[in-house]
Structure formats: structure tokens, C-alpha cells
Amino acid sequence: MGQKKDLTGSERSKIVRYLAEGCSSLKTAKLLKRDHRTIKRFIQNSQQGRKKRVDKPRRKITAHELRKVKRAAAKMPLATSLAIFQSCNITGVPKSTRCAILRDMAKVRKAERRPPLNKTHKLKRQDWAKKYLKTDFSKVLWTDEMRVSLDGPDGWARGWIGKGQRAPVRLRRQQGGGGVLVWAGIIKDELVGPFRVEDGVKLNSQSYCQFLEDTFFKQWYRKKSASFKKNMIFMQDNAPSHASKYSTAWLARKGIKEEKLMTWPPCSPDLNPIENLWSIIKCEIYKEGKRYTSLNRVWEAVVAAARNVDGEQIKTLTESMDGRLLSVLAKKGGYIGR
């Protein structure tokens, strides 16, 4: 039983299935004819949610580069450390080093917001993870809505600012503000949408179902084969317009019911991989403090950013689900920090 370097995708799926069936890591290693250390390392990395960082020699920053960073921080208030260093053409500097350098010349504050998790929420998250451990997540369509505004999220109004400098003024709009509500889905390596909710429409059960009929079902779902529709699992969160009796009955008439409609635990945006897609799109459309003059302009930016997300990025998100489930179980229903 020789030790190999990497596990194949098929072996990873089998490991998750064997663990769900109650097999120990040692028994799993024997079934797969792999080294026990390889199996334990995969389980440990999945629970951690990311690969262990390999320490590399830190890149030295010259005095000339420090001056460039200071000038860039002054010209790009509220920018991220990565954006500041990229504008100076300084690459290969880890985040910890970038922040350590910027702390000597700037400051930053940013609040982190999460819905609270009580004991019941954690138990339901664990039950959900156990229920779907054997699921083939390449057949799950992960969906969600995102609202984008003309000026960017309020929580992004902070960033690095040089010492002695004033933060730029963000004008308060008396009229013509608002935002665009966007719906999209991801499955395997494919992006479904994005689709724009008509301005002024409040998504209740009836308008949500009509929106899905006009966009998702007519423009994407009905073009798929019968075998695809038979195996696809539809995921949506517990928003009132999603989880109502009206919406559930309407989806059932469309053939999306029982095991084809994924149940969802409360307060769990960290378990939905499409949330990571929203972060990618927002970082792109609001980079360097970008603001928009109309809702149509910000919608065009969303569409352009979505087109730049390639299949490999989406596949990375959807393939992260096995690790997310293992992390939820390892943290006894707590947040997994993705």
C-alpha cells in the first residue's frame, strides 16, 4: 500500500461517502488501498477549509518601493492592501507583510456582520450536513439574490487611509438612489443568469414565482434534457418568498419537490457557494471606489463582471461543498468562516 501524492476526485467522493456511513479513517484507507496518512490529511484539510500555507521567504521591500506605497495609499483612499501594492507593481508580498507595512503609514477599520447562531440553529446545521454528506453536489443548482447599489455597500466605505489625511466625502443622494436586485445560480461549472428583477418590484411569493417563470424556467431550465431535469436539485434559502407554501406548491407543479428541493438550515449564508460569487462580482464592480450614475450602468457592470467569471472559478466554488459539510460537523454547527 504505497503512499501517493494526490487523491483523485473519485477518491475524495468515496472518502466522504465512507465517513458518512460511519467508517473510520483507517478502514477508509484500507478500502481505497491508500496510505492512512493521506486519508487523515484530506480530512484535516477539509475541516480547516483551506490548504495549509507553505512558509516562503518574505520579499524585501526597498525604500523606493515604500515611498511608492505611501503615495499610492494617499491617492487611493479606502482601497485594499492588495490594490495599493498592485498599483505600485509590487508583487509577491503576502497579505500579512502588506498590512504590517501599511500600519506604519495608514489605518483601517472594518466591521464584520453575521446573523447570530443559537443552539437550535447549530443543531439544524449539523442535521443538514449529515443529510447531504452523500450528495453529488455537481447536480445541485445553488441560487440566491444580490442587491447592488450605485455607491457600493455601506460596509465597504472603509479602507486604508494615510495618516494625516481626511477620508473622502460620500455624497448622500436625495433622489435617484436605490439599487438593482439580481438573481443568479451556479451548478457544476456553469453560471445561470444573472437575471435582473424589474425595478420597483417587491419579491413576495407571487412575484418571485413569476420571476422564476419568466427568467430561469423559460430562458434556461426548459432547454435542458429530461435526464438533467430528473437529477437536478434546486437550492434556495429560507427567505419568506422562497419558503412560503405558495412558492413550495408552485415549484412542486414544476417538478421541483421532495428530494429535488434542498432543505436549507437557518442563518447559513456561509454554506452557500454562490455567496462567494457575489463577493467576486462586487469586488470587480466597486474596485477603486467606483460609483455609478444610473441603475442601468450598475446592471451593465454586473453583467460584464459575471461574464469574466470563468468555469474553473465556479467549479472551485461548487466543489468546495464536501469540505464545507465536514467543517460544519467538525465545528458542531458553528460558522465555517468562508
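Residues numbered from 1 in each chain as written. Predicted model: local features only at pLDDT ≥ 70, side-chain atom pairs only at ≥ 80, totals over all residues. Heavy atoms only, no water.

The protein is annotated in an unreviewed UniProt entry as Tc1-like transposase DDE domain-containing protein from Nothobranchius furzeri.

**Re unusual backbone geometry**
Each neighbour pair has its own omega, and for Gly193 with Pro194 the value is 5 degrees, a cis peptide bond. Here Pro194 lies in strand 5 (residues 190-196). Although it is not a glycine, Asn89 adopts a positive phi angle of roughly 60 degrees. Summarising the element assignment, Asn89 is placed in the loop between helix 5 (81-87) and helix 6 (95-103). Its identity is not glycine, yet Glu258 carries a phi of approximately 55 degrees, on the positive side. Mapped onto the elements of the fold, Glu258 is located in the loop between helix 11 (245-253) and helix 12 (274-285). With a relative accessible area of 68%, Glu258 lands in the exposed category. (Helix = DSSP H or I, 4+ residues; strand = E, 2+ residues; numbered from the N terminus. Buried < 20%, exposed > 50% of the residue type's maximum accessible area, 1.4 Å probe, protein only.)

**What about the sheet that holds strand 4 (residues 179-187)?**
An order of 5-4-2-6 is seen for the four strands of this open sheet, with the pairing classed as mixed. Bordering the open sheet on either side are strand 5 and strand 6 (233-235), each of which pairs with just one other strand. Adjacent strand axes in the sheet meet at a mean angle of 20 degrees when their direction is disregarded. The pairing of strand 4 with strand 5 spans five bridges and is antiparallel. Across the sheet, Gly185 pairs through a bridge with Val192, a residue of strand 5. Here helix 14 (residues 311-318) sits on the sheet in contact with strand 2 (140-149), strand 4 and strand 5, set at roughly 75 degrees to strand 4. (Pairing = 2+ DSSP bridges. Axes fitted to C-alpha atoms, helices over the stretch in contact; angles between N-to-C directions. Contact = heavy atoms within 4.5 Å.)

**Some points on the pattern of salt bridges**
Counted under the stated rule, the structure contains nine salt bridges. In this structure, Arg34 engages Glu11 in a salt bridge whose closest nitrogen and oxygen atoms are separated by 2.6 Å. Remark: Glu11 occurs in helix 1 (residues 9-20) and Arg34 occurs in the loop between helix 2 (25-32) and helix 3 (36-48); sequence separation between them is 23 residues. Side by side, Arg34 and Glu11 carry an identical accessibility label, which is buried. With its nearest N and O atoms 3.0 Å apart, the salt bridge here joins Asp35 to Arg37. Residue classification places Asp35 among the buried residues on the basis of a relative accessible area of 12%. (Salt bridge = Lys/Arg side-chain N within 4 Å of Asp/Glu carboxyl O.)

**Structural notes on a negative patch on the surface**
A contiguous patch of negative charge, built from Asp189, Asp310, Glu312 and Glu319, is present on the exposed surface. Mapped onto the elements, Asp189 comes out in the loop between strand 4 and strand 5. (Patch = residues over 30% accessible without salt bridge, like charges linked within 9 Å, V, L, I, M, F, W, Y side chains within 5 Å. Areas by Shrake-Rupley, 256 points an atom, 1.4 Å probe, with all protein chains shown as cover. Lys, Arg positive; Asp, Glu negative; His and termini not counted. Charge placed at Lys NZ, Arg CZ, Asp CG, Glu CD.)

**Examining the packing of aromatic side chains**
Under the counting rule described, the total for this entry stands at 15 aromatic pairs. Between Phe216 and Phe217 the ring centres are 4.8 Å apart and the planes differ by 70 degrees, which places this aromatic pair in the edge-to-face class. Note on Phe216: relative accessible area 0%, which makes it buried. Where Phe216 meets Tyr221, the ring centres are 5.5 Å apart and the plane angle is 35 degrees; that geometry is what we call tilted. There is no split in this pair, since Phe216 and Tyr221 are both buried. One aromatic cluster in this structure is built from Trp183, Phe195, Phe211, Phe216, Phe217, Trp220, Tyr221, Phe228, Phe234 and Trp250. (Phe/Tyr/Trp six-rings, centres within 6.5 Å; stacked < 30°, edge-to-face > 60°.)

**With respect to helix 11**
Within the span of helix 11, buried status applies to Ser247, Trp250 and Leu251. The buried residues of helix 11 occupy one face: seen down the axis, they fall within an arc of 95 degrees. Across helix 11 from its buried face, at more than 90 degrees, point the exposed residues Lys245 and Arg253. Taken together, the buried residues of helix 11 touch helix 8 (205-219), strand 6 and helix 10 (240-243). Phi for Gly255, located one or two positions after helix 11, is positive at around 95 degrees. (Arc of directions from axis to C-beta.)

**A look at helix 2**
Every buried residue of helix 2 is accounted for by Thr28, Ala29 and Leu32. Angular distribution of buried residues about the axis of helix 2 spans 100 degrees; they occupy a single face of the element. Downstream of helix 2 by one or two residues, Lys33 has phi in the positive range, about 60 degrees.

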